[in-house]
Amino acid sequence: MTTKLTFVKYRQMRWYSTKEKMRVVDTVNEQLTNKELKHKHHPGKSKLSYIQQPSWLLHTVLDFLKDEIISHKSVWESGQKLASYLHERHIPFESVDISIKLNEVRSRTNMYTENKEDLLKNPKALKLFKQLVYNWQPVKYDKYTSLSYLVNRSVPEYSVLCRIMNEININDTNFTPKTLFDFGSGIGTVMWAASQFWLKSIYEYYCIDTSGDMNNLSEYLIKRAKPQIPLKNIFYRQFLPASPTPTYDIVVSAYSLFELPDQNSRLEVIAKLWEKTENYLIIVEQGTRAGFTIINEARDFILNYTKQTSGAHVFSPCPHDLACPRYTSDDTPCNFEISYQSLRIATPSKYLKERYSYVVLKKGERSEDDYQWPRIVRPTMKRSKHVICRLCTSSGKLEEQIFTTWKNGKNTYRCSRASKWGDCLPFETEEKSNEEPK
């Protein structure tokens, strides 16, 4: 009898020890209960976890290699090396950071000359300086490097952009863009992705890339792309226009900010891109710590830059406009993952995964009916009768929630179990009493 009473008391304490929990919002819960909606299709789920490579791309690349008499193996190996280099890049050092490192070199070598050139003439000092300072260099995209980039990076970047644009398309059904501005347009993956959603509405694609060879390759590819974009709608330029007008419905910077030499250059470009933005600004980088740092830098800059002007808010992935809790709390990047199938050039096609960091900023203040549902920011951990989700919430905090049928209800549990990394959960916080029942 004593054991049974002890167990009852324990269960009561367990129930009331949780200050707050999450449950499915009423509208979704009603749809699930009435079987009008399946748990695996709840409205927070990303509809694209795998993107099929463009059907026209492989034979187009093979035709180009044949015409140019380029070895499949050599260009594939070059693409692998380029992709590895891009993934491992660090952010360029700022001049003040270099000065600090030079002082460290002086201190550790006992060479106190003020002149940098004289200091680095010493082999020991030069070796130490190279160890302390990352030697950032911009990539020069000539014809062969551009082709290497195409072979290795085209499908993963296209897949990432499709997923991001799909989220805009689903969650803003009234949005019908007419113009698109692509900074660092490269081989044209932004146009390929946008045409999957807004082919009939976009009548102008404005593409900026400093590499003439990249622009030529992009033009060659877009002539053979499906669906076909009218060439009269596409404009190529090598430099960013100085004028803030005209504005564009969608402005994109995809994997381009790393090519800028310092923070001032990046922020100057971001400010110009925001001035060019009429509705949405999409910024994407590699899902590394360095890539995430650049994304967070751009996010903070725009949110602070617009406080005194027209305003801005984060459309995706953050459910809030506060400081990023991932950036301030630990050294792991906020990134997401998508699967894709590599091009069958020199080696068999493989199913691979691409990690990326991104932010979609929208002009204007956040509307009152914005759901601001929590987003899953790490892989869900499915266990026996419970699911562990790590979430970024509208309060600007990272939370780890354990969902069970007993604690959260059947619908909440099954929705969380059907969700994956990157999905939003159509949940709201339910306050719980801290007091013991009398």
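Right above here is the structure, for reference.
Quick summary incoming for the structure in this document. The numbering scheme is per chain: residues are counted from 1 as the chain's sequence reads. Only residues with pLDDT of 70 or above have their local features reported here, since the model is predicted, and side-chain atom pairs are shown and tallied only from 80 upward, although totals for entire chains, interfaces and linings are computed over all residues. Excluding hydrogens and water, the side-chain figures rest on all heavy atoms present in the structure.

**Considering the overall build of the protein chain**
Right, so step 1: Runs of E in the DSSP output that reach at least two residues are strands. Runs of H or I that reach at least four are helices, and both are numbered from the N terminus. Within the protein chain, the secondary structure is distributed over 15 helices and 15 strands.
Right, so step 2: For the protein chain, the C-alpha atoms occupy an extent of roughly 85 × 65 × 50 Å along the three principal directions.
Right, so step 3: For the exposure calls, accessible area comes from a 1.4 Å probe over protein chains only, and a residue counts as buried if that area is under 20% of its type's maximum, exposed if over 50%, partly exposed in between. When each of the 438 residues of the protein chain is scored for burial, the buried share is 50%.
Right, so step 4: Methods summary: accessible areas were calculated by the Shrake-Rupley approach with a probe of 1.4 Å, and residue burial reflects only the protein chains presented. Accessible surface, the protein chain as shown: approximately 22,700 Å² in total, 51% of it carbon and sulfur.
Right, so step 5: Treating the 63 positive side-chain charges of the protein chain as one cloud and the 50 negative ones as another, the clouds have centres 8 Å apart. Lys and Arg are tallied as positive, Asp and Glu as negative. Neither His nor the chain termini are counted. In this description, the location of a charge corresponds to atom NZ of lysine, CZ of arginine, CG of aspartate or CD of glutamate.

**Notes on the packing of helix H11 (residues 263-276) against helix H12 (residues 289-305)**
Right, so step 1: Axis lines are fitted to C-alpha atoms, over the contacting stretch for helices. Their N-to-C directions set the angle, which ranges from 0 to 180 degrees. In the contact formed by H11 and H12, the axes pass within 10 Å of each other and the chain directions differ by 55°. For the element pair H11 / H12, the angle class is oblique. With respect to the hand of their crossing, H11 and H12 are arranged in right-handed fashion. Residues Gln263, Arg266, Leu267, Ile270, Ala271, Trp274 and Glu275 of H11 form the contact with H12, whose own contacting residues are Ile294, Glu297, Ala298, Phe301, Ile302 and Tyr305.
Right, so step 2: Partitioned by chemical class, the residues of the contact of H11 with H12 number 9 nonpolar, 1 polar and 3 charged. Our angle categories are set so that under 35 degrees counts as roughly parallel, over 145 as roughly antiparallel, 65 to 115 as roughly perpendicular, and the remainder as oblique. Here a crossing is called left-handed whenever its near helix is offset anticlockwise from the far helix by less than a right angle, and right-handed whenever the offset is clockwise. Contact criterion: two residues are considered in contact whenever any of their non-hydrogen atoms come within 4.5 Å of each other. Think of it as three bins: nonpolar holds Ala, Val, Leu, Ile, Met, Phe, Trp, Tyr, Cys and Pro, charged holds Asp, Glu, Lys and Arg, and polar takes everything else, Gly as well.

**Looking at the pattern of salt bridges**
Right, so step 1: In the sections that follow, a salt bridge refers to a side-chain nitrogen of Lys or Arg positioned within 4 Å of a carboxyl oxygen of Asp or Glu. Counted under the stated rule, the structure contains 18 salt bridges.
Right, so step 2: In this structure, the salt-bridge partner of Glu68 is Lys143, at a minimum N-O distance of 2.7 Å. With Glu68 in helix H3 (residues 57-68) and Lys143 in helix H8 (residues 143-171), this residue pair connects regions lying 75 residues apart in the sequence.
Right, so step 3: Taken together, the shared-partner salt bridges connect Arg23, Asp26 and Glu428 into one network.

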